Amino acid sequence: MTDARPLTRPRWCIVVADAAGPEWLVPDDSHAQWAPVQYCGLGEPTTMLQKALHRAGRISHATRVVVTVAEAHRSRWQQALWFTRPEHRYVSEFPGWSSVTTAAAVLSIAARAPDALVTILPARCYVADEWTLTIALHRALSERTALAGGIVTLGIVGADTDVDENYLLPGASNGQPTTAVSGVARRPAEGVARHLVRQGALVASDIYIGHARTLALLFSKYWTALTHELLEHLTSSFMPGVENRIPSILALEALHVAPRMSRDRPPRIPVRALRVAHCGWSGLRTPRAIERIVTSQSRFSPACHMGDASCGPLSTYGG
């Protein structure tokens, strides 16, 4: 007999706001400055980071939302994170550390609540239909079978193909609400992307949901020794009211190992995709996607708003 009771495990969210990506010219009070696109509104006064924080608040209590941010852009995010406890902030000292700060956040949650459900939400993404996404997130969080020993991601269907997107390659569904993911196509050429979509591929949302212990295991498979060292550092350095920072030596060692991940091919943790109606998702990895969004927004809002990305051209934020 199966247990029909709903999941009662605590829900945590990790908002990833330190991932490197394109920059955009954002107007300030006196002049315009370049900033990573997650600090832009793309035609609206609310930035994508603020929207991601609101998104997190719909599925987790505010006291269980953690954020990864970059020190270099503190002036952009500090005011938006006024309600986030300092100890729930994981600060990147340099661009390109996002995978390390995300791992640190996962390990910290797993150490105190291994059975908690953790949702990893990227901030640098554009969502046109928040209601559709919110419903999908709640549905994914309730998929007990899929979450039992693996990870659930959201796969967008019916989206326009574009070289800016990654694509999930589905395997067998086995009659379940979620479909096994057999692989990921990383930003294929446009013609290849169209072919993949015709074959049933889904646009990758980069949202991942799993038990804290499962996500921690995923990182430990890649960074076996470093995971222990990182957890030891987080445990010994934790102080209420103090932000988390990763020592340079640990971060650089982890990033040195990272390129070997795909070659080493460690044992995989099952990933299943929940199909989600097209809700405007884009990873905003290239100027092309941002320009497309800005063009569509300008049809409805000809004037520039504070934080609007439609007021300037693009540059590239390295890292």
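Right above here is the structure, for reference.
What counts and what doesn't
Residues numbered from 1 in each chain as written. Predicted model: local features only at pLDDT ≥ 70, side-chain atom pairs only at ≥ 80, totals over all residues. Heavy atoms only, no water. Buried < 20%, exposed > 50% of the residue type's maximum accessible area, 1.4 Å probe, protein only. Helix = DSSP H or I, 4+ residues; strand = E, 2+ residues; numbered from the N terminus. Pairing = 2+ DSSP bridges. Phe/Tyr/Trp six-rings, centres within 6.5 Å; stacked < 30°, edge-to-face > 60°. Salt bridge = Lys/Arg side-chain N within 4 Å of Asp/Glu carboxyl O.

For the rest of this paragraph, the subject is the pairing of strand S5 (residues 89-92). Alternating residues of S5 divide into Arg89 and Val91 and Tyr90 and Ser92, and every residue in both groups is buried. Looking at chain direction, strand S4 (residues 65-70) and S5 are connected through four bridges and run parallel. If you follow Ala70 over to S5, its bridge partner there is Ser92. Sheet analysis places S5 next to strand S11 (residues 244-245), joined by two bridges and oriented parallel. Each residue of the ladder has a partner; that of Tyr90, found in S11, is Asn244.

On to unusual backbone geometry, then. Its identity is not glycine, yet Arg187 carries a phi of approximately 40°, on the positive side. At Asp206, a position not held by glycine, the phi torsion is positive, near 65°. Within the secondary structure layout, Asp206 lies in strand S10 (residues 202-211).

So, on to the packing of aromatic side chains. Counted by the stated rule, this structure contains two aromatic pairs. When the centroid spacing of 5.8 Å and the interplanar angle of 80° are considered together, the rings of Trp82 and Phe83 count as edge-to-face. Relative accessible area serves as the criterion here: at 70%, Trp82 is assigned to the exposed category. Residue classification places Phe83 among the partly exposed residues on the basis of a relative accessible area of 33%.

Before going further, it helps to examine the pattern of salt bridges. Going through the model one piece at a time under the given rule, you end up with 10 salt bridges. Here Glu130 makes a salt bridge to Arg58, at a shortest N to O gap of 3.3 Å. Placement of Glu130 in helix H4 (residues 130-141) and of Arg58 in helix H1 (residues 48-59) is noted, with a sequence separation of 72 residues between them. On the basis of relative accessible area, Arg58 is assigned to the partly exposed category, the value being 38%.

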